[in-house]
Amino acid sequence: MTPHSRPVRTVLVSSIIVTLVLPSAAWAKTPVATGTGGAVATISEPASKAALAILNQGGNAIDAAVAAAATLGVTDPFSCGIGGGGFMVIYLAKDKRVITIDHRETAPASFTPTVFQENGAPMTFETVRDSGMSVGVPGTVRGWHEALDRYGSMSFKQVLAPAIAVASNGFVVNDNFSHLVSKNKNKFGMFPATAALYLKNGDAVAAGSTLRNPDLAKAYRELSAGGVKAFYSGKMARAVVDAVNHPATAPGVRVRGGDMSLADLANYEARLRQPVHSTYRGYDIYGMPLPGSGGIAIAEALNILEGYDLKAMPRAQAEHLYLEASRLAFADRNAYLADPEYVDAPVAGLLSKDYAAQRRQRIDVAQARRPAAAGDPYAFQADQSVPLRPASAATRMLIEGAHTTHLTVSDKDGNIVAYTYTIEDWGGSGIVVPGYGFLLNNEMTDFDFSGPRPNVPEAGKRPRSSMSPTLAFRDGKPAFSIGSPGGATIITTVLQTIVNHVDLGMTMPDALNAPRMSERNGDATDVEPGFAGGAQAAALEKNGQRWGDAPEEIGAANALVFNPDGTVTAVSEARRHGAGSALVQKSAH
Ligand code: GLU
């Protein structure tokens, strides 16, 4: 059956008419769409359709982004949801202004710098991850509230309606979903509420089956009726705190509880922050500021690369420089960046073009230089007095999955949203809140487990993030948006896509589909399966580049391109994460 010939019906949900596509055997794969009006790219067809439905009802990009995000919480629950947090970058066309909403998870008041240590040594990642200790106070609902209240035009009730319909009526599990459950079977099996939702007789729900999540529909209905308070106080808040502090486990399974209070939830605030602004070859680039490290690291790497004429070089030479610039930016990111309300990071120095020129001198155009040491950005900013100096460049390097999700939406009035949101690892902590159907994050594992380091855990602090929703402008007009999941590889995916598009002259679909290389100042560069051994790899090996473990895929990006003729092209992955869904309001074809 083609996507167009599937049965369609109209249902009444909370007095709003929602057009529903009934579950079919597979999601349509529409990674590129060009047209006019609004546009959306997400990694999930039901989520993109939810955004489009809201745009068609007259909602703006902010309304549609929340609708898509809520639907992703149903169809991509291992990446994101109301149990987590995120970063939203918004362009307000009327004001010609970019703002960001930081609704990152926050450490409970009980946290100390040694919370993840035992007998003087750091705990293992898994010990912390699969436990209540890893759960930060969720920020998603507060973030959605701020976005809708300040910049949206619709209510929670309106924008959550499509997600409620998908959660109640069900959606077809695709291969990617089933695969993710299989990969995390042990973790999910530890918690009965999680197993009940995603395992059948101990095995992953099968691809092709229809999955309903009535508990999540109920949670969304409570938000529709009660707004932000329904999450941060009352019954749902108590259920979250209970699940964190006393996770219900399968017989014989013991996990540690956390120490979160109702006051932690009641006190949670989203932050509206100024974006990081930088320039690159005539583009104005706006990224996420701290506690996001991506906006700064991407700007630093681009500032370094701006000193080379990448366009005029053979591809392998340009890519060698991309890897070296990324390594230097990561050395600084790892050494200096953390929650700005706790740590006075040398952001002005790191963003300065003069500092980039000094960092550029560390690059050998013919030979990889690893590892890179952090630089000294203090000399490049007005306030040189800040005492923070990096102890060492060493940092925990994890193999990063494509967990988390990124979506992007624009509307007919020119507003744009780039939104990355997450529960951290696949399935977060693994704990579904009983009765409410959503997974709790394990975002606190983004802290460094031992110090002294800027990113150690502290009460009320937000762990450093790599999420990098990014907007680019040219001559004051929107040019493109880009973002991706993938832990710390997010930064390299966004950076590489910009270089592919701006310097190597690739169209955005080609830029997204190109093989990804993620250099994060480790022993070797992570690449996707099949890359090592190929001609592109061989050309780079001549310059001493070498390849590390190959994750299944690096990132799952989504982008919008604003074309000179006034049309917009929505671009999603053509193959990663089971392929994405790009839709426009009025197709050009
Ligand atoms: N915890 C990650 C971060 O904020 C989320 C991104 C991801 O895991 O993909 O950097």
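Calculation criteria
Residues numbered from 1 in each chain as written. Predicted model: local features only at pLDDT ≥ 70, side-chain atom pairs only at ≥ 80, totals over all residues. Heavy atoms only, no water. Helix = DSSP H or I, 4+ residues; strand = E, 2+ residues; numbered from the N terminus. Rg over C-alpha atoms; globule rule 2.2 N^0.38 Å. Buried < 20%, exposed > 50% of the residue type's maximum accessible area, 1.4 Å probe, protein only. Contact = heavy atoms within 4.5 Å. Areas by Shrake-Rupley, 256 points an atom, 1.4 Å probe, with all protein chains shown as cover. Axes fitted to C-alpha atoms, helices over the stretch in contact; angles between N-to-C directions. Parallel < 35°, antiparallel > 145°, perpendicular 65-115°, else oblique. Left-handed = near helix turned anticlockwise from the far one by under 90°. Nonpolar A, V, L, I, M, F, W, Y, C, P; charged D, E, K, R; others polar. Salt bridge = Lys/Arg side-chain N within 4 Å of Asp/Glu carboxyl O. Near = heavy atom within 4 Å. Polar contact = N/O pair within 3.5 Å; in protein donor to acceptor, adjacent residues only side chain to side chain. Core = buried A, V, L, I, M, F, W, Y, C linked by side-chain atoms within 4.5 Å. Phe/Tyr/Trp six-rings, centres within 6.5 Å; stacked < 30°, edge-to-face > 60°. Lys NZ or Arg CZ within 6 Å of the ring centre and 35° of its normal. Pairing = 2+ DSSP bridges. pLDDT = per-residue confidence, 0-100.

Turning next to the overall build of the chain. Secondary structure summary: the chain contains 19 helices and 23 strands in total. The C-alpha atoms of the chain give a radius of gyration of 22 Å, which matches the 25 Å a tight globule of 589 residues would have. Principal-axis analysis of the C-alpha atoms places the extent of the chain at approximately 65 × 60 × 45 Å. Among the 589 residues that make up the chain, the fraction classed as buried is 62%. Partitioning the intrachain contacts of the chain with sequence separation of at least 6 by distance along the chain shows that 72% fall at a separation of at least 24. Roughly 20,500 Å² of accessible area belongs to the chain as shown, and the carbon and sulfur atoms make up 51% of that amount.

So, on to the side chain of S278. Locating S278 in the fold gives a position in strand β13 (residues 276-280). When sequence neighbours within four positions are dropped, the list of residues in contact with S278 reads Y283, D284, I285 and A299.

Let's shift gears to the packing of helix α2 (residues 61-75) against helix α5 (residues 156-169). In contact at an axis separation of 7 Å, α2 and α5 are set at 20° when each is read in the N-to-C sense. When the axis of α2 is compared with that of α5, the two are roughly parallel. Relative to α5, the crossing made by α2 is right-handed. Mapping the contact onto sequence places D63, V66, A67, A70, T71, V74 and T75 in α2 and V159, L160, P162, A163, V166 and A167 in α5. For the contact of α2 with α5, the class distribution of residues is 10 nonpolar, two polar and one charged.

Within the structure shown, the criterion is met by 31 salt bridges. In this structure, the salt-bridge partner of R359 is D332, at a minimum N-O distance of 3.2 Å. Separated by 27 residues along the polypeptide, R359 in helix α16 (residues 353-360) and D332 in helix α14 (residues 315-336) bring together distant segments of the chain. For the pair R359 and D332, a shared accessibility class is recorded, and that class is buried.

Okay, the site of the ligand next. Near the ligand you find 14 residues, and of these H403, T404, E443, D446 and G487 are the closest. Note that an oxygen atom of the ligand is positioned 2.7 Å from one of the side-chain N or O atoms of T404. At 2.5 Å, a backbone N or O of G487 approaches an oxygen atom of the ligand. Protein chains bury 98% of the 290 Å² of accessible surface belonging to the ligand in isolation. Residues belonging to the shell around the ligand are distributed by class as follows: three nonpolar, seven polar and four charged.

Looking at where D102 falls in the secondary structure, it is placed in strand β5 (residues 97-103). Overall, the relative accessible area of 0% leaves D102 in the buried class. Here the side chain of D102 touches R104 through a polar contact of 2.9 Å, landing on its backbone nitrogen. Engagement of the side chain of D102 in a polar contact is seen with the side chain of R273, the distance being 2.9 Å.

A few words on the nonpolar core. Judged by nonpolar contacts, the single largest core of 92 residues is most densely connected at I82, W144, Y198, Y220, F231 and F438. If you tally residues by element for this core, the top one is α2, at 11 residues. The residues contacting W144, other than those within four sequence positions of it, are V66, A69, A70, I82, F156, L160, Y220, Y419 and Y421. Ranked by size, the runner-up nonpolar core spans 69 residues in total, among them A33, I304, L512 and A537.

Another point: the packing of aromatic side chains. Summed over the entire model, instances satisfying the criterion amount to 20 aromatic pairs. Taking 5.9 Å as the distance between ring centres and 75° as the angle between the ring planes, the aromatic pair formed by Y336 and Y378 counts as edge-to-face. Taken as a pair, Y336 in helix α14 and Y378 in the loop between α16 and β15 (405-410) lie far apart in primary sequence, 42 residues in all. Taking the relative accessible area as the measure of exposure, Y336 reaches 1% and is therefore buried. By relative accessible area, which is 1% here, Y378 ends up buried. Its guanidinium or amino end placed over the ring of Y436, K218 lies 4.6 Å from that ring's centre, counting from NZ or CZ. Over the face of the ring belonging to Y283 we find R474, whose NZ or CZ atom lies 4.6 Å from the ring centre.

Okay, the pairing of strand β14 (residues 283-287) next. On a regular strand, one side chain projects to one face of the sheet and the next to the other, so that they alternate. Judged by which residues are buried, β14 turns out to be one-sided: Y283, I285 and G287 face inward and are buried, whereas D284 and Y286, on the alternate face, are not. Between β13 and β14, which pair antiparallel in sequence order, lie two residues; one of them, R281, sits at a positive phi of approximately 45°. In terms of strand pairing, β14 meets strand β17 (residues 470-474) through four bridges, oriented antiparallel. Bridge pairing links D284 to F473 in β17.

Turning our eyes to something else, we now look at the confidence of the model for the chain. Across the chain, pLDDT averages 92, with 92% of residues at or above 70. Note that residues 1-25 has pLDDT below 50 and, in this model, 49 contacts with residues that lie over four places away or in other chains.

This paragraph deals with unusual backbone geometry. For the bond from L290 to P291, the omega torsion is 10°, close enough to zero to count as cis. One can find P291 in the loop between β14 and α13 (294-305). Backbone geometry places T404, a non-glycine residue, at a positive phi of 85°. Position of T404 relative to the elements: it lies in the loop between α16 and β15. In this structure, A579 is a non-glycine residue whose phi angle is positive, near 80°. Turning to its location among the elements, A579 is positioned in the loop between β22 (568-572) and β23 (581-587).

To continue, consider the packing of helix α1 (residues 45-56) against α5. As a packed pair, α1 and α5 sit with axes 10 Å apart at the nearest point and diverge in direction by 145°. The two elements α1 and α5 meet at a crossing, and its hand is right-handed. Between α1 and α5, the contacting residues are P46, A50 and I54 on the first element and Q158, V159, P162 and V166 on the second. A breakdown of the residues in the contact of α1 with α5 according to their chemical character gives six nonpolar, one polar and no charged.

Turning to its location among the elements, V172 is positioned in strand β8 (residues 171-172). For the pair V172 and A335, spaced 163 residues apart in sequence, the C-alpha to C-alpha distance is 44 Å.

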